[in-house]
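These are the residues of each chain, in order.
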Amino acid sequence: MRRLGLRIDFSQLIVWIIGLLLLALVVIGTISTLQTGKYSAQQWRDFVVFGIAQGSIYALIALGYTMVYGVLGLINFAHGEVFMSGAFTGFFLANALAENGMIDSNPILSLIAVILLSAAVSTGVALALERIAYRRLRRAPRLVALITAIGASFFLQYTFRGLYGSGVKVYPTVEILQGSVFGIQKTMIVVFIGAISMLILLYLFIQNTKMGKAIRAVSEDVETAALMGVDVNRTISATFAVGGVMAGVAGVLYAIIFKQVNFFMGFIPGIKAFTAAVLGGIGNIPGAAMGGLVLGIFESVGPSLFLEGLGIPAAYQLKDVIAFLMLVLILIFRPTGILGERLATKRV
Amino acid sequence: MKRLFGVMTLIAMLSVLLAACGGQPTTTPAEEPAAEATEAPAAEPAEPTEESTEATEEPVAEATEVTEEPAADPVEDPLGVVEVAPGDSIILAYAQVISGPNETLGVDSIRGVELAMDAFGGELLGHPLELVGEDSLCSPEGGQAAATKLASNPQIVGIIGTTCSSAATVAAPIIDEAGMVMISGSNTAPALTDPAEHVQGFLRTAHNDKVQGAVAAEYAFNVLGVTTAATIHDGSVYAEQLANVFAERFTELGGQIVAQEAVNAGDTDMRSVLTSIASDSPELIYYPIFVAEGGFVTSQVGEVSGLEGVKLMASDGLFSPDFIDAAGDAAVGMYLSSPDFSAFAGGYEDFLAKHEERYGEDPLSVFHANAYDASTLILNAVEQVAVEQDDGTLLIPRQALRDAIYATADFAGLTGNLTCDENGDCADPNIAVYEVVSGDSSLWQDEVVQKVYP
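Note that the structure is predicted; figures quoted are calculated from it, not measured. (Residues numbered from 1 in each chain as written. Chains lettered and ligands numbered in written order. Predicted model: local features only at pLDDT ≥ 70, side-chain atom pairs only at ≥ 80, totals over all residues. Heavy atoms only, no water.)

## Re helix α6 (residues 142–164) of chain A
All names here are of chain A. Taking 1.5 Å of rise per residue, the 23 residues of α6 would be expected to cover 33 Å, and the 33 Å separating its terminal C-alpha atoms lies within 8% of that figure. Regarding α6, the residues found buried are Ala-145, Leu-146, Ala-149, Ala-152, Ser-153, Leu-156, Gln-157 and Phe-160. Just past α6, the residue Gly-165 takes up positive phi, approximately 90°. (Helix = DSSP H or I, 4+ residues; strand = E, 2+ residues; numbered from the N terminus. Expected span 1.5 Å × (residues − 1). Buried < 20%, exposed > 50% of the residue type's maximum accessible area, 1.4 Å probe, protein only.)

Following this line, the structure appears as structure tokens:
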């Protein structure tokens, strides 16, 4: 990167030019959209609010990717399925609670019950995944673990299809979450607050508990941590468990805004959350949270903001293009992600 | 490490590209399955390949018995001959979506096929009827996989499928190459029977969306009195073409299409696209898409400011209790176009009674009767062209079978009087518009959707 002057790498140069062209397109599109004045200020605000709600969910899932990457250097592609398992199982409790009227008489209690169940199931799945699929492969080449992760992802998808059926299930509507405050949907607010509180809890856990310290130590240097008396296996399990809890909560939050769950629901959010983790700098916990929010907002605002300005019809079909274009741009200009890889561990 | 990211990014990008390309029939079917299957049937009739054992449970002993006399085979056919040994079944196949959010659309059609087989008493010309099938999903990839598997089973006489037009665009050429015939009771995309793209092995008893889109536009403009509309499609052949037909007709009538948007199959967050549409303030949104995405659009419309009071309209892809589940009360008051059940022939009442008797519920979606008619067309044609040999072996020449189906004229089916044209359109299209009156799917069908037009 720093080879300036005569020693500019030719392929690097081309990549930079492509990157700059893409950026220029984004800028031109933005300017021309803003000039048309098609959207009101309130509509822009709505785009951002939707983006934040979606982004909070990405952020919670991304934490699972980034923490596991931090301690194991493994990209756990089955994490999207961990998310799905919790949300899908939570449906059955939510549905039962709706049928006996609990959800209307005691909405907060019911919501907590559903979240607890969902988090418990996701955690269980994440732990089992680590124990059965990854532990034996810890010393195997990276690619082996990666392929295993993809295999585990399919295994989980189709297991849950077998367990719960292949159709779409729909979460019941919670009456007190209907309507809006200051023009913002209550559900969005709940999701945002839920996600932020989980992030704060996670931060406190990582920074202030013994296990949190162990996780940080293992992610910095496994062998030294082991020599210092850290139980590595337990720590890694704890990391998966924490990732599972986050994914389980994300699953219920997802169900609050989107209602529908099915066995395939984890795939796309999983890929998006992985993107978010890389955006923020993989292995970096605040980075994952930020990456999720940035990705959510860009996906929501982007098609209207710069694709429409470029005269592209049906811009929202290209939503995913924006997400992955961002990933490409980040990898070109700042390969370690926005906040940098493993920043948190360097600070310790 | 950077290289690993490179690989990951590539995987991520590729998977999205694949998903995005899902809408277009870019994949050209492979040649192998076709060749394999066209040669197979005539020469060595019942040598059970692995695939066909699943379908025919005939013991090998019988098979060898049949192969002894191919020299005396009196029936010649350019596409091959299906030989059904005495006591063996005549095999029909379905290629329908039987998993995922659109499951009920496929199950509904399969029930139509089963009831049609029942109507023949479960047997034809002294041979029992048997139904096998593959899941064609609702995507080009699913269509390709299902068609390739079915094409490799030389005992299959005809196929009822697919559910979704995007599956058919890929499946039809594979089935055609294999010499088989496929009739769909639910593929409605205009392109499938467009002379430029139509393959001989494909026919349909479902209406052509040129009709459905036009009826929807006429209802919106003439009856609802809206003059501005927006459309959303999901990149599938069905939705895109239907949205276009609607837009064309609506503009022709004097209305204005203010936005033509699209989402991806699998998208969940429709609020952004709806906000974008809201800035063009249409009076009606027409979104002829499928269950999952249709549910998201319907339930999220109410959360977008600027769309209060907008009228919603969709098409037969959402005409199922699953959609009512997915959308809940938000669906109440919206309009769905679908085949007009009340215009169906007298036999439909009887069909409904049999359906209730066999499955214990009302039909799950709209194309059961079309699938029933499709099966009847195939079975009638088999009856016409099949030649029985002295030893009881039944020979069904494939080209003759196709010709017999194409020759269908004024056939009194459940869905009306069917006449097949040379492009494979057999339907007697009667389209109605229904209004959703309840968000409780357990009351399906009469108390949930009511006909409002014509």
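That shown, we press on.
## Points about the packing of helix α2 (residues 41–72) of chain A against helix α10 (residues 232–258) of chain A
Residues and elements named next belong to chain A. At a minimum axis distance of 9 Å, the contact between α2 and α10 shows a crossing angle of 165°. Taken as axis vectors, α2 and α10 run roughly antiparallel relative to one another. α2 and α10 meet at a crossing whose hand is left-handed. Listed contacts from α10 to Ala-53, Gln-54, Ile-57, Leu-60, Ile-61, Leu-63, Gly-64, Met-67, Val-68, Val-71 and Leu-72 of α2 are Ile-236, Thr-239, Phe-240, Val-242, Gly-243, Met-246, Val-249, Ala-250, Leu-253, Tyr-254, Ile-257 and Phe-258. Looking at the contact of α2 with α10 residue by residue, the classes come out as 19 nonpolar, four polar and no charged. (Axes fitted to C-alpha atoms, helices over the stretch in contact; angles between N-to-C directions. Parallel < 35°, antiparallel > 145°, perpendicular 65-115°, else oblique. Left-handed = near helix turned anticlockwise from the far one by under 90°. Contact = heavy atoms within 4.5 Å. Nonpolar A, V, L, I, M, F, W, Y, C, P; charged D, E, K, R; others polar.)

## So, the sheet that holds strand β9 (residues 256–262) of chain B
All names here are of chain B. The strand order across the open sheet built from seven strands is β9-β8-β10-β11-β12-β17-β18, with neighbouring strands paired in mixed fashion. In this open sheet, the two strands that pair with only one neighbour each are β9 and β18 (449–453). Direction aside, the axes of adjacent strands within the sheet are offset by 30° on average. Along the sheet, helix α10 (residues 271–278) makes contact with β8 (228–233), β9 and β10 (284–286), crossing β9 at roughly 160°. (Pairing = 2+ DSSP bridges.)

## Notes on the nonpolar core
A:Leu60, B:Leu274 and B:Tyr287 are the most contacted members of the largest nonpolar core, which totals 168 residues. Among the elements that line this core, the one with the most residues is α2(A), at 16 residues. Apart from the residues within four sequence positions on either side, B:Tyr287 is in contact with B:Ile232, B:Gly294, B:Val297, B:Thr298, B:Leu312, B:Met313, B:Ala314, B:Leu318 and B:Met334. (Core = buried A, V, L, I, M, F, W, Y, C linked by side-chain atoms within 4.5 Å.)

## What about the packing of aromatic side chains?
Residues and elements named next belong to chain B. Under the criterion given, the structure shown has 35 aromatic pairs over all chains. With a centroid separation of 5.6 Å and 75° between ring planes, the pair formed by Phe-319 and Trp-444 is classed as edge-to-face. A residue pair is termed long-range when its members are at least 10 positions apart, and Phe-319 in the loop between β11 (311–314) and α12 (321–327) and Trp-444 in the loop between β17 (431–436) and β18 qualify at 125 residues. Its relative accessible area of 0% is what places Phe-319 among the buried residues. (Phe/Tyr/Trp six-rings, centres within 6.5 Å; stacked < 30°, edge-to-face > 60°.)

## Structural notes on the state of the cysteines
All names here are of chain B. In the structure shown here, the tally under the stated rule is two disulfides over all chains. Here Cys-138 is linked by a disulfide to Cys-164, with a sulfur-sulfur distance of 1.9 Å. Disulfide Cys-138 to Cys-164: torsion about the S-S bond roughly -95°, handedness left-handed. Residue Cys-138 is found in the loop between β4 (127–135) and α6 (140–151), and its partner Cys-164 is found in the loop between β5 (156–161) and α7 (165–177); the two are separated by 26 residues along the sequence. Disulfide pairing is shown between Cys-420 and Cys-426; the S-S distance is 2.1 Å. Looking along the S-S bond of the Cys-420-Cys-426 disulfide, the torsion reads about 110°, which is the right-handed sense. When its relative accessible area of 9% is taken as the criterion, Cys-420 is described as buried. (Disulfide = S-S within 2.5 Å.)

## Some words on unusual backbone geometry
Residues and elements named next belong to chain B. In the segment running from Gly-161 into Thr-162, the intervening peptide bond is cis, with an omega of 0°. The topology assignment puts Thr-162 in the loop between β5 and α7. Even without glycine at this site, Leu-125 takes up a positive phi of about 50°. With respect to the secondary-structure elements, Leu-125 resides in the loop between β3 (123–124) and β4. For Leu-125, a relative accessible area of 32% corresponds to the partly exposed category. For Ser-281, which is not glycine, the phi dihedral falls at a positive 35°. In this structure, Ser-281 sits in the loop between α10 and β10.

## What to know about the packing of helix α1 (residues 10–36) of chain A against helix α13 (residues 319–333) of chain A
Residues and elements named next belong to chain A. Their axes nearest at 10 Å, the elements α1 and α13 cross at an angle of 135°. One way to sum up the angle between α1 and α13 is to call them oblique. Classified by chirality, the crossing of α13 by α1 is left-handed. Mapping the contact onto sequence places Val-15, Trp-16, Gly-19, Leu-20, Leu-22 and Leu-23 in α1 and Leu-325, Leu-329, Ile-332 and Phe-333 in α13. Here the residues of the contact of α1 with α13 are counted per class, giving nine nonpolar, one polar and no charged.

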